[in-house]
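An overview of the molecular structure
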Amino acid sequence: MVVYLAGKMVIGSSKKVVADPIEEVRRICALVVDDDPLVRRIHGMLLARYGLETEAAENGKEAIDLFLSGKTFDLVLMDMEMPVMDGLQATQRLRGMGVSSMIVGVTARGLEAEKEAFMATGLDACCVKPLNAEAVISVLDELAKKLL
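Every value quoted in this text rests on a predicted model; they were computed, and no experiment measured them.

Rules used throughout
Residues numbered from 1 in each chain as written. Predicted model: local features only at pLDDT ≥ 70, side-chain atom pairs only at ≥ 80, totals over all residues. Heavy atoms only, no water. Helix = DSSP H or I, 4+ residues; strand = E, 2+ residues; numbered from the N terminus. Polar contact = N/O pair within 3.5 Å; in protein donor to acceptor, adjacent residues only side chain to side chain. Contact = heavy atoms within 4.5 Å. Disulfide = S-S within 2.5 Å. Buried < 20%, exposed > 50% of the residue type's maximum accessible area, 1.4 Å probe, protein only. Pairing = 2+ DSSP bridges. Axes fitted to C-alpha atoms, helices over the stretch in contact; angles between N-to-C directions. UniProt positions renumbered as here; feature names shortened; annotations may be inferred.

**Digging into the side chain of K129**
Within the secondary structure layout, K129 lies in the loop between β9 (125–128) and α5 (133–147). Engagement of the side chain of K129 in a polar contact is seen with the side chain of D34, the distance being 3.0 Å. If we ignore the near neighbours within four places in the chain, the residues touching K129 are D34, V39, H43, D79, V106, T107 and A108.

This is the structure in C-alpha cells:
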C-alpha cells in the first residue's frame, strides 16, 4: 500500500519514498473539531496543503457522532473548549469507544496544568492554536510513525 504523508509518497513498511507510485494511494483523513469556524478553516487548509482529506465538526458531540456513524479518521485535531461537549469529554469518550486515531489537542490556553489535564484524557499530543506549518509537520511526522 502507498500512503501519502507530509507531501511524500511512502510505500509500505519499507518507507521507500517515490515520486510517481504505481500503486493506489490511501489518503490520510483528518477531523478538525473546533467551535470557531475560522480556526476550522485555517487548520483544514493547513492539513490539505500536506495532502490530507479533512472533515470538520463544531464540537465534541459532533465528532463522536461521526465516529458512531462509521466514519474513520487517521488524525483528529481536538479543541479543548467547546460548547455542547468539550474536547476533554470527547477525547475520553472516543478512547472509551476504542478509537485509536491519533488525537491531538489544540488549545489557546498556555497553562501547563491545563495541558496536562487535557493530555490525561487520552491525547497523543497537545499544541497551542492556531497551528502553523511547523506544528502540522511535527504532527504529521508522528502520525507517519504511527501508521507505518
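This is not the end of the story, as more comes after the structure.
**Description of the state of the cysteines**
Inspection of the entire model under this criterion finds 0 disulfides. C126 supplies the cysteine sulfur nearest to C127, a cysteine that is in no disulfide, at a spacing of 6.7 Å. Accessibility expressed as a relative area gives 14% for C127, which makes it buried.

**Digging into unusual backbone geometry**
Note that the residue after K129, namely P130, is joined by a cis bond; omega there is 0°. Residue placement: P130 occurs in the loop between β9 and α5. Positive phi outside glycine occurs at V84, with the angle close to 70°. With respect to the helices and strands, the residue V84 is situated in the loop between β7 (75–79) and α3 (87–96).

**Overview of the pairing of β9**
Here 4 bridges tie strand β8 (residues 102–107) to β9, and the two strands are oriented parallel to one another. Opposite T107, over in β9, you have V128 as the bridge partner.

**Considerations on the sheet that holds strand β5 (residues 29–33)**
Pairing is parallel across the open sheet formed by 5 strands, whose spatial order is β6-β5-β7-β8-β9. With partners counted over all chains shown, the strands left at the sheet margins are β6 (53–57) and β9, one partner each. Here the average twist between neighbouring strands, direction ignored, is 20°. Across 5 bridges, β7 lies against β8 in parallel orientation. In the strand pairing of β8, L77 is matched with V104.

**Here we look at the UniProt feature "modified residue: 4-aspartylphosphate" (unreviewed entry) in the protein**
Per the UniProt record, "modified residue: 4-aspartylphosphate" (unreviewed entry) is annotated on D79. With respect to the helices, strands and loops of the structure, D79 is situated in strand β7. Sequence-distant contacts of D79, defined by excluding residues within four places in its chain, comprise V33, D34, D35, G87, V106, T107, F118 and K129.

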